[in-house]
Amino acid sequence: MCLSALALWRRSVQDGVAQPGQSPLLEPQNPAPVPISPPEPPIITPMPGNWQTLTQLQPVKGDKPPLEIRFPDGSTAPVKYWSDIPHTTVSWLNRQGILDETGIPIQSGKRYILSHNDVHPTEKKFTNSRKINQFYLETNYSNVNNINNTKAVIESVGKGVEPGQFSVRLP
């Protein structure tokens, strides 16, 4: 049919004589199916920056605070002060339902880290407390103690989380 239609092509009829089309030189062939390969997995690039887990972190007096903290679920929170690390960690643990009334207060030496009220066992009021839902967090600690207290809170709740699952990005 196509060869017959080719006879009606303009050049064929220009001279007034229709010329039938020529037979093809090659027989049509069924091309081999192209194998479909599975899609490439996405390339996961590590988050840029100098990340360290809380267990690796060894702050020294005078160190600048980290820029952000990353939680076990991959979410992050900005950090401006060393005290933001225990604060955001307690908030995250509470939102996840990991930290609840059981196991509170959490103590370090003669002072509370986390309590139901802002008074230490010595009856002295917290120097610098932050209220997180129903808890009070004492943040008047050095950078070293804020990290140690954060680890202590994580370890005290248990429930499948540990300090090595939390990391901070250093400047």
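Here the structure is a predicted model, which is why all the values come from computation and not from measurement. (Residues numbered from 1 in each chain as written. Predicted model: local features only at pLDDT ≥ 70, side-chain atom pairs only at ≥ 80, totals over all residues. Heavy atoms only, no water.)

Trainee: Before we go on, may I ask you to explain the packing of helix H3 (residues 84-95) against helix H4 (residues 143-157) in this structure?
Mentor: Two measures define how a pair of helices packs: the angle their axes make with one another and the distance between the axes. Packing of H3 against H4 brings their axes to within 9 Å, and their N-to-C directions diverge by 15 degrees. As summarised for this structure, H3 and H4 are arranged roughly parallel, according to the angle between their axes. Between H3 and H4 lies a crossing of right-handed hand. Where H3 abuts H4, its residues Ile85, Pro86, Thr89, Val90 and Leu93 lie against Asn146, Ile147, Thr150, Val153, Ile154 and Val157. By residue class, the composition of the contact of H3 with H4 is eight nonpolar, three polar and no charged. (Axes fitted to C-alpha atoms, helices over the stretch in contact; angles between N-to-C directions. Helix = DSSP H or I, 4+ residues; strand = E, 2+ residues; numbered from the N terminus. Parallel < 35°, antiparallel > 145°, perpendicular 65-115°, else oblique. Left-handed = near helix turned anticlockwise from the far one by under 90°. Contact = heavy atoms within 4.5 Å. Nonpolar A, V, L, I, M, F, W, Y, C, P; charged D, E, K, R; others polar.)

Trainee: When you look at the pattern of salt bridges in this model, what are you seeing that I'm missing?
Mentor: Side chains that differ in sign of charge can pair as their charged atoms come close. Using the criterion set out here, one finds five salt bridges in the structure. Between glutamate 68 and arginine 169 there is a salt bridge; the shortest N-O distance is 2.8 Å. Of this pair, glutamate 68 sits in strand E2 (residues 68-70) while arginine 169 sits in strand E8 (residues 167-170), placing them 101 residues apart in sequence. Among the salt bridges present, the one from arginine 111 reaches glutamate 138, with a minimum N-O distance of 3.4 Å. Here glutamate 138 lies in strand E7 (residues 135-138) and arginine 111 lies in strand E5 (residues 111-115), a separation of 27 residues in the sequence. (Salt bridge = Lys/Arg side-chain N within 4 Å of Asp/Glu carboxyl O.)

Trainee: I keep staring at the packing of aromatic side chains and nothing clicks. Help me out?
Mentor: Applying the stated rule across the entire model yields three aromatic pairs. Centre to centre, the rings of phenylalanine 71 and phenylalanine 166 are 6.1 Å apart; their planes meet at 85 degrees, and the pair counts as edge-to-face. Separated by 95 residues along the polypeptide, phenylalanine 71 in the loop between E2 and strand E3 (76-78) and phenylalanine 166 in the loop between H4 and E8 bring together distant segments of the chain. An identical accessibility class is assigned to phenylalanine 71 and phenylalanine 166; each is buried. A centroid spacing of 5.6 Å and a plane angle of 90 degrees characterise the contact between tryptophan 92 and phenylalanine 166, whose relative ring orientation is edge-to-face. One end of the pair, tryptophan 92, is in helix H3; the other, phenylalanine 166, is in the loop between H4 and E8, and 74 residues separate them in sequence. By relative accessible area, which is 3% here, tryptophan 92 ends up buried. Overall, the relative accessible area of 0% leaves phenylalanine 166 in the buried class. (Phe/Tyr/Trp six-rings, centres within 6.5 Å; stacked < 30°, edge-to-face > 60°. Buried < 20%, exposed > 50% of the residue type's maximum accessible area, 1.4 Å probe, protein only.)

Trainee: So what exactly am I meant to see when it comes to the sheet that holds strand E6 (residues 129-132) here?
Mentor: Sheet strands pair via backbone hydrogen bonds, and the direction of the pair is either parallel or antiparallel. Taken together, the four strands give an open sheet; going across it, the order is E4-E5-E7-E6, and neighbouring strands pair in antiparallel fashion. Where the open sheet ends on each side, the last strands, each with one partner, are strand E4 (106-108) and E6. Across the sheet, the mean angle from the axis of one strand to that of its neighbour is 30 degrees, orientation sign disregarded. Bridge count between E6 and E7: four bridges; the pairing is antiparallel. By the bridge assignment, serine 129 is partnered in E7 with glutamate 138. Packing against the sheet, H3 makes contact with E5, E6 and E7, and its axis sits at approximately 15 degrees to E6. (Pairing = 2+ DSSP bridges.)

Trainee: How should the pairing of E5 be read in this particular structure?
Mentor: Looking along a regular strand, one sees the side chains alternate between the two faces of the sheet. In terms of burial, E5 is largely enclosed, as four of its five residues are buried. Examined bridge by bridge, E4 and E5 share three bridges and lie antiparallel to one another. Paired with serine 108 across the two strands is arginine 111, which belongs to E5. Taking the residues that link successive antiparallel strands as the turn, the E4-E5 hairpin has two residues, and the phi of glycine 109 there is positive, at about 65 degrees. In terms of strand pairing, E5 meets E7 through two bridges, oriented antiparallel.

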